[in-house]
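Structural features, examined
So you can see what is in the structure, the chains are spelled out below.
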Amino acid sequence: MLTALTRPVSASIERCELTHLERIPIDPARARAQHAGYERLLQSLGVTVRRVPGDDALPDAVFIEDTAVVLDEVAIITRPGAPSRRPETRAVAEVLAGYRPLRHIEAPGTLDGGDVLRLGRTLHVGRSSRTSDAGIAALGRIVAPYGYRVVPVDFMECLHLKTAVTDLADDLLLVNPAWVVPACFPGCRVVAVHADEPFAANAQRVEGMVIHSARFPRTTERIARAGVDVRVVETSELAKAEGGVTCCSLLFRAAPPRG
Ligand code: CIR
C-alpha cells in the first residue's frame, strides 16, 4: 500500500521562501484547489493520502518533501536549510513515527528532502543553498547501516536537485542537462526537458505511472513518447512559491500506521 503524507496550503503561503523566482502574488484559494487536485490524482492512482495537520504560521508547510527522507527501513527527519522552514519538521515527525523508526539530521548540518534522489540503494544528494556538506555526511552516516550509499551531486541555477532531475523508471531519468550533468547518473537513459521548459524535470513516480505538471506540455509529450504512463496536474499557483510536484508529498510504502 502506497501512502502519501501531504500538508495543507498555509494562508501565509505568500510569505514563502523564494530563491530563483521573483515574488508575485499567490492566491491561496487557487493554490489549495490545485493541491486538492494533486491529492485526488494520487488517490485515483491507488495511493492512501494522509494529511499532516496544517499550520498557517509556516508559509512553506505544503512542501512537505523537504522535511524528511523516507526509506523502507527508516525515516530521516531533515534540518531544512531555510531557518523559517525548520519548525515544519515537528508535526511531520509525529506522524512519521507511526510508520518508521526516526533519525534526525542534527545541527550544524542542513538538508532538504528535495535534494535527495533515491535510485535503488544510492541516494544522490544535491549540494545546494539548502543542503550542506555536513548534512550530506550526516545522512550518509545514518543510512550506511541499511546498505545505502550517499553520492553528492553538484547542480546549478535551481533550488533543489529534484528541480533538475527526477526518475521516470528504474533506469530512466528526466533531466534538465543545463542544470545537472546527466553523466552523474551512470547507467541511466535520459529524457531531456524541452528547451523552452527548463523547470519541467520534476516528475513523481507512483507505481508504474508518473505525475507531471500541466505547465510543461512539450516535455510531457517527450515523457509519453519514452513509453511512460504520464498523468498531469495543474501546479501554476504552487509554482509561484518555487514548488513542483514531488515537493507536495512524502510517498512511501506502508503497512497501516502503528499507533
Ligand atoms: C522553498 O523555497 O523552500 C519553498 N518556497 C519551495 C520548496 C519546494 N520544495 C521542493 O521542491 N522540494
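So, here is what we can say about the structure in this document.

1. What about the overall build of the protein?
When helices and strands are counted, the protein shows six helices and 15 strands. Each principal axis of the C-alpha distribution contributes one length, and for the protein these read about 40 × 40 × 35 Å. Expressed as a percentage of the 259 residues in the protein, the buried residues total 56%. Counting only contacts in the protein whose residues sit at least 6 apart along the sequence, the fraction spanning at least 24 positions is 69%. For the protein, the accessible area works out to roughly 10900 Å², and carbon and sulfur atoms hold 51% of it. In the protein, 31 side chains carry a positive charge and 31 a negative one; their mean positions are 4 Å apart.

2. Observations concerning the sheet that holds strand E2 (residues 48-51)
Reading across the sheet, the three strands line up as E2-E1-E15 and stay open at both edges, with mixed pairing between neighbours. Every interior strand has two partners, whereas the edge strands, E2 and strand E15 (250-253), have only one. Averaged over all adjacent pairs, the angle separating strand axes in this sheet is 25 degrees, with direction ignored. The pairing of strand E1 (residues 2-6) with E15 spans four bridges and is classified as antiparallel. Of the residues in E15, the one forming a bridge with Leu5 is Leu250. In this fold helix H1 (residues 28-44) packs onto E1 and E2, with an angle of close to 145 degrees to the strand it touches most, E2. Each of E1, E2 and E15 touches helix H2 (residues 89-96); the most contacted strand, E15, lies at about 15 degrees to it.

3. Digging into the environment of Arg215
Along the chain, Arg215 turns up in the loop between strand E13 (209-213) and helix H5 (217-225). Along the backbone, Arg215 and Val233 are 18 residues apart, and their C-alpha atoms lie at a distance of 8.5 Å. If we skip the residues at most four places from it in the chain, Arg215 touches Glu197, Thr235, Ser236 and Ala239.

4. Some details on the site of the ligand
As a structural note, the neighbourhood of the ligand is formed by 13 residues, with Asp60, Asp66, Arg85, Arg130 and Ala241 the closest of them. Side-chain polar atom of Arg130 to an oxygen atom of the ligand: 2.8 Å apart, as the coordinates give it. Between His160 and the ligand, the recorded distance is 3.3 Å, taken from a side-chain N or O atom to an oxygen atom. In the complex, 97% of the free accessible area of the ligand, which totals 350 Å², lies under the protein chains. Partitioning the shell around the ligand into residue classes produces four nonpolar, two polar and seven charged.

5. Focus on the pattern of salt bridges
Applying the stated criterion across every chain yields a total of 16 salt bridges. Residues Asp171 and Arg189 are paired through a salt bridge, measuring 3.4 Å at the closest nitrogen-oxygen approach. Taken as a pair, Asp171 in the loop between strand E9 (165-169) and strand E10 (172-175) and Arg189 in strand E11 (residues 189-192) lie far apart in primary sequence, 18 residues in all. In the salt-bridge network here, residues are joined through shared partners; they are Arg30, Glu237 and Lys240.

Quick notes on the rules
Residues numbered from 1 in each chain as written. Predicted model: local features only at pLDDT ≥ 70, side-chain atom pairs only at ≥ 80, totals over all residues. Heavy atoms only, no water. Helix = DSSP H or I, 4+ residues; strand = E, 2+ residues; numbered from the N terminus. Buried < 20%, exposed > 50% of the residue type's maximum accessible area, 1.4 Å probe, protein only. Contact = heavy atoms within 4.5 Å. Areas by Shrake-Rupley, 256 points an atom, 1.4 Å probe, with all protein chains shown as cover. Lys, Arg positive; Asp, Glu negative; His and termini not counted. Charge placed at Lys NZ, Arg CZ, Asp CG, Glu CD. Pairing = 2+ DSSP bridges. Axes fitted to C-alpha atoms, helices over the stretch in contact; angles between N-to-C directions. Near = heavy atom within 4 Å. Polar contact = N/O pair within 3.5 Å; in protein donor to acceptor, adjacent residues only side chain to side chain. Nonpolar A, V, L, I, M, F, W, Y, C, P; charged D, E, K, R; others polar. Salt bridge = Lys/Arg side-chain N within 4 Å of Asp/Glu carboxyl O.

So far we have only geometry, and geometry alone does not tell us how the molecule works.
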